[in-house]
Amino acid sequence: MVLLPNDADLRHTAAAAAEQARAEGIRVALIPTRSAVQGIAALAVHEPERRFDEDVVSMTSAAGATRYAEVAVAERQSWTMAGICQAGDVLGLVDGDVAVIGADVTVTARAVLDRMLAAGGELVTLVVGDEAPVSVADILEIHVRESYLAVDTVVYRGGRQGALLLIGVE
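Please read these numbers as outputs of a predicted model, since none were measured by experiment.

What counts, and where the lines are drawn
Residues numbered from 1 in each chain as written. Predicted model: local features only at pLDDT ≥ 70, side-chain atom pairs only at ≥ 80, totals over all residues. Heavy atoms only, no water. Helix = DSSP H or I, 4+ residues; strand = E, 2+ residues; numbered from the N terminus. Pairing = 2+ DSSP bridges. Axes fitted to C-alpha atoms, helices over the stretch in contact; angles between N-to-C directions. Contact = heavy atoms within 4.5 Å. Salt bridge = Lys/Arg side-chain N within 4 Å of Asp/Glu carboxyl O. Buried < 20%, exposed > 50% of the residue type's maximum accessible area, 1.4 Å probe, protein only. Core = buried A, V, L, I, M, F, W, Y, C linked by side-chain atoms within 4.5 Å.

*Asks:* Before we go on, may I ask you to explain the environment of Ala15 in this structure?
*Replies:* Take Ala15: it is sitting in helix H1 (residues 11-23). Along the primary structure Ala15 and His46 are separated by 31 residues, whereas in three dimensions their C-alpha atoms are 20 Å apart.

Put into structure tokens, the structure is as follows:
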């Protein structure tokens, strides 16, 4: 069994669950994913026929090679790494830290994506929440195709998640 917490705040809970499973004789590995896009990357390389340890190494490597971001709306005024945000501002968080403060979801998401792709990448994963603008995925997908050669984009509908948009770059 492999556990993917997909949230830094759930890592201790997942570790406790792994210990409980081990105590019951279940073989379990915890892959320290901090975002759902890292979990998706891990699952993309999972091969059930492969030896368990080799599979865990491959999944851990894929998750670790995935940079992650999210776009969310600020609930209150706050000091951030990118400056002061107000309630209702659109925040672009990269690896858990606020990197961009904006007024528009699509514009902020594009700025975050450009920042992430400046460090390189071959695959962009977008997980779009129900509250995100309907066109955001299409606009970002076109932007990646026109601005970054040899970078593919995959889009998933995320439903009612906490963030408007999750972004992964592998």
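*Asks:* Help me understand the sheet that holds strand E7 (residues 97-102), please; the structure alone is not making it clear to me.
*Replies:* Hydrogen bonds between backbone atoms are what pair the strands of a sheet, whose relative direction is either parallel or antiparallel. Ordered in space as E7-E6-E3-E10-E8-E9, the 6 strands form an open sheet in which the pairing is mixed. Looking at strand neighbours, the two that pair on one side only are E7 and strand E9 (152-159), the edges of this open sheet. Strand-to-strand twist in this sheet, taken as the mean axis angle between neighbours without regard to direction, amounts to 20°. In the sheet, strand E6 (residues 90-94) pairs with E7 via 5 bridges, with the strands oriented antiparallel. In the sheet register, Gly92 faces E7, and the bridge partner there is Val100. Lying over the sheet, helix H4 (residues 105-117) contacts strand E3 (67-73), E6, E7, strand E8 (123-129) and strand E10 (165-169), oriented at roughly 15° with respect to E10.

*Asks:* Mind showing me how you'd approach the pattern of salt bridges here?
*Replies:* Where side chains of opposite charge bring their charged atoms close, a pairing between them can arise. Under the counting rule described, the total for this entry stands at 5 salt bridges. Across the salt bridge formed by Glu19 and Arg22, the nearest N and O atoms sit 2.7 Å from each other. Here Arg22 and Glu19 lie together in helix H1, a separation of 3 residues that amounts to about one turn. We classify Arg22 as partly exposed; its relative accessible area is 36%. Notably, a salt bridge pairs Glu54 with Arg51, separated by 3.2 Å at the nearest N-O pair.

*Asks:* Quick question: what am I supposed to make of the pairing of E8 here?
*Replies:* Successive side chains on a regular strand alternate, one facing one side of the sheet and the next facing the other. Buried residues dominate E8, accounting for 6 of its 7 residues. Relative to E10, E8 is paired through 5 bridges, and the arrangement is antiparallel. What sits directly across from Val128, in E10, is Leu165.

*Asks:* Help me understand the nonpolar core in this model?
*Replies:* The nonpolar side chains of a soluble globular protein tend to be buried with one another. Counting residues in each nonpolar core, the largest one holds 25 residues, and the members touching the most others are Leu113, Val124, Leu165 and Ile167. Looking at this core, the elements with two or more residues in it are E3, E6, E7, H4, E8, helix H5 (136-147) and E10. No other element matches the 6 residues that H4 contributes to this core. What Val124 contacts, discounting residues up to four positions off in sequence, is Leu113, Leu117, Val144, Val151, Asp152, Thr153, Val154, Ile167, Gly168 and Val169.

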